[in-house]
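Breakdown of the fold
What follows is each chain in one-letter form.
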Amino acid sequence: MSSFTHILTKNIDSTNTNKELINAVITGQATNMGLGQMASSSGFAYNQLKNISAKHIRRDSLKNANEKLVNETKKLPIFSHYNVADNEQIFAAIDGQKYYAGIDIINSRHSSKYFGKDKGVTSLTMSANFQALSSKIISANEYEGHYNLELFLMNESEIQLDYQSSDTHGSNDINFALFDFFGCTFAPRFADLNHKSQFLCRSKDVSYPDQYILKPNNI
């Protein structure tokens, strides 16, 4: 709750902040109820919820609150049980989900495959051990692979990543070099590995046995 400060910094008594109203706004927006339905369900006035939303709920406050939750979760003993590998290395994954756009915003686009005749957006999220580390809203027709590094750099939590993966739609050749430059291994999941392996390459390490080098015909 300490993250949801007033948008103004002067002449504001933070001790009078109604935490129940903030909870109602967050719950209403997170569950797609909206402030109108939350007002009728909770007994709070719509104007109260709208006022709290405008003054306390913003991108920075949500990001700060999420980082606090992630950092506290990382301290729990159960966190390491969700590691993909047996060691302490952390694997993260980026994927996009399609959502209808309730209002016509600049990022909303038509897509008959996902939205029929309506418009929608793509919500890209990077998560590790079921913890959301960063997210970004993009247009539904944009290439997801262009935003992998940006989401990686947006992570300011205490969870430091060793591997980052995506599906085929989120991979491209330049991401391998960019992630290596920032000390993380890019490990995408290819839908058709047999076809993709014909275009994969690596620098040959003289200390690495030749029989372990990936070749198109011995996958």
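This report concerns the structure included in the present document.

Rules used in this analysis
Residues numbered from 1 in each chain as written. Predicted model: local features only at pLDDT ≥ 70, side-chain atom pairs only at ≥ 80, totals over all residues. Heavy atoms only, no water. Pairing = 2+ DSSP bridges. Helix = DSSP H or I, 4+ residues; strand = E, 2+ residues; numbered from the N terminus. Patch = residues over 30% accessible without salt bridge, like charges linked within 9 Å, V, L, I, M, F, W, Y side chains within 5 Å. Areas by Shrake-Rupley, 256 points an atom, 1.4 Å probe, with all protein chains shown as cover. Salt bridge = Lys/Arg side-chain N within 4 Å of Asp/Glu carboxyl O. Buried < 20%, exposed > 50% of the residue type's maximum accessible area, 1.4 Å probe, protein only. Phe/Tyr/Trp six-rings, centres within 6.5 Å; stacked < 30°, edge-to-face > 60°. Polar contact = N/O pair within 3.5 Å; in protein donor to acceptor, adjacent residues only side chain to side chain. Contact = heavy atoms within 4.5 Å.

**As for the pairing of strand 4 (residues 131–139)**
- Where strand 3 (residues 119–128) lies against strand 4, eight bridges are found, and the strand directions are antiparallel. Across the sheet, residue Ala 128 finds its bridge partner in strand 4, namely Gln 131.
- The hairpin turn running from strand 3 into strand 4, its antiparallel successor, is two residues long, and Asn 129 in that turn takes a positive phi close to 50 degrees.

**As for a nonpolar patch on the surface**
- A contiguous nonpolar surface patch, about 460 Å² in accessible area, is contributed by Leu 76, Ile 78, Tyr 82 and Phe 130.
- On the accessibility criterion, Tyr 82 (42% relative accessible area) is partly exposed.

**Remarks on the pattern of salt bridges**
- A complete count under the given rule lists five salt bridges for this structure.
- Ionic pairing is found between Lys 63 and Glu 67, a salt bridge with its closest N-O pair at 2.5 Å. Of this pair, Lys 63 and Glu 67 are both found in helix 4 (residues 59–74), four residues apart, which corresponds to roughly one turn of the helix.
- The exposure class of Lys 63 is partly exposed, given its relative accessible area of 30%.

**What about the packing of aromatic side chains?**
- All chains considered together, the criterion is met by eight aromatic pairs.
- Aromatic side chains Phe 91 and Tyr 163 sit 4.5 Å apart centroid to centroid with 5 degrees between the ring planes, which places their arrangement in the stacked category. Placement of the pair is Phe 91 in strand 1 (residues 91–100) and Tyr 163 in strand 5 (residues 163–166), with a sequence separation of 72 residues.
- By relative accessible area, Tyr 163 is classed as partly exposed at 24%.
- Chaining the aromatic ring pairs together yields one cluster made of Phe 152, Phe 176, Phe 179 and Phe 186.

**Some points on the side chain of Asn 155**
- You can see Asn 155 is positioned in the loop between helix 6 (148–154) and strand 5.
- Residue Asn 155 is classed as buried on the basis of its relative accessible area, which comes to 13%.
- Side-chain polar atoms of Asn 155 contact the backbone oxygen of Ile 159, separated by 2.9 Å.
- Here Asn 155 is in contact with Met 126, Leu 133, Ser 134 and Leu 161, once residues within four sequence places are set aside.

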